[in-house]
Amino acid sequence: MTRELPWLVLQAALLVVLLHANAPEVWFWFAALLVLLLWRSFAWRHRRWQRLQERQGDAQESPSTSGSATG
């Protein structure tokens, strides 16, 4: 969450600017906010996917120590 906090503040600031913008500026600020939101959501999804892949890779590499081991 601390990694995303500056981006959330920036998005909130853009939303405030969007709410106070004149008619021609609204579309520009709306597009800027939309691009920023899409970019951050794709980055978050990619980081989440990488973490899931690392967890699956770790689970497959390390053998389970629970249960009965005969050896």
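See the structure above.
Scoring rules and cut-offs
- Residues numbered from 1 in each chain as written.
- Predicted model: local features only at pLDDT ≥ 70, side-chain atom pairs only at ≥ 80, totals over all residues.
- Heavy atoms only, no water.
- Helix = DSSP H or I, 4+ residues; strand = E, 2+ residues; numbered from the N terminus.
- Buried < 20%, exposed > 50% of the residue type's maximum accessible area, 1.4 Å probe, protein only.
- Areas by Shrake-Rupley, 256 points an atom, 1.4 Å probe, with all protein chains shown as cover.
- Phe/Tyr/Trp six-rings, centres within 6.5 Å; stacked < 30°, edge-to-face > 60°.
- Contact = heavy atoms within 4.5 Å.
- Patch = residues over 30% accessible without salt bridge, like charges linked within 9 Å, V, L, I, M, F, W, Y side chains within 5 Å.
- Salt bridge = Lys/Arg side-chain N within 4 Å of Asp/Glu carboxyl O.
- Lys, Arg positive; Asp, Glu negative; His and termini not counted.
- Charge placed at Lys NZ, Arg CZ, Asp CG, Glu CD.
- Axes fitted to C-alpha atoms, helices over the stretch in contact; angles between N-to-C directions.
- Parallel < 35°, antiparallel > 145°, perpendicular 65-115°, else oblique.
- Left-handed = near helix turned anticlockwise from the far one by under 90°.
- Nonpolar A, V, L, I, M, F, W, Y, C, P; charged D, E, K, R; others polar.

1. Quick word on the overall build of the protein chain
- Helix and strand counts for the protein chain come out as two helices and zero strands.
- Of all 71 residues assigned to the protein chain, the portion counted as buried reaches 13%.
- Summed over its atoms, the accessible surface of the protein chain is roughly 6300 Å², and 65% of this surface lies on carbon and sulfur atoms.

2. Remarks on the packing of aromatic side chains
- For the coordinates displayed, the defined rule picks out three aromatic pairs.
- For the pair Trp-27 and Phe-30, a centre-to-centre distance of 6.3 Å together with 90° between the ring planes defines the contact as edge-to-face. With Trp-27 and Phe-30 both in helix α2 (residues 23–61) and three residues apart, the pair spans about one turn of that helix.
- Given a relative accessible area of 64%, Trp-27 falls into the exposed group.
- The interplanar angle of 75° and the centroid separation of 5.0 Å between the aromatic rings of Phe-28 and Trp-29 together place this pair among those described as edge-to-face.
- Among the residues examined, Trp-29 registers a relative accessible area of 26% and is labelled partly exposed.

3. What about the side chain of Arg-40?
- Within the secondary structure, Arg-40 is located in helix α2.
- What makes Arg-40 buried here is its relative accessible area of 11%.
- The residues contacting Arg-40, other than those within four sequence positions of it, are Glu-4, Trp-7, Gln-11 and Arg-47.

4. Points about a positive patch on the surface
- A cluster of basic side chains, namely Arg-3, Arg-45, Arg-48, Arg-51 and Arg-55, defines a positive patch on the protein surface.
- Its place among the elements puts Arg-51 in helix α2.

5. Describing the environment of Leu-37
- Note on placement: Leu-37 falls in helix α2.
- For the pair Leu-37 and Leu-8, spaced 29 residues apart in the sequence, the C-alpha separation amounts to 9.3 Å.

6. Here's the deal with the packing of helix α1 (residues 5–20) against α2
- Put simply, α1 and α2 touch, their axes get as near as 9 Å, and they point 160° apart. Overall, the two elements α1 and α2 adopt an arrangement that is roughly antiparallel. In this structure, the crossing between α1 and α2 has a hand that is left-handed. For the pair formed by α1 and α2, the contact residues are Trp-7, Leu-10, Gln-11, Leu-14, Leu-15, Val-17 and Leu-18 on the first element and Val-26, Trp-29, Phe-30, Ala-32, Leu-33, Leu-36, Leu-37, Trp-39 and Arg-40 on the second.
- Broken down by class, the residue content of the contact of α1 with α2 amounts to 14 nonpolar, one polar and one charged.

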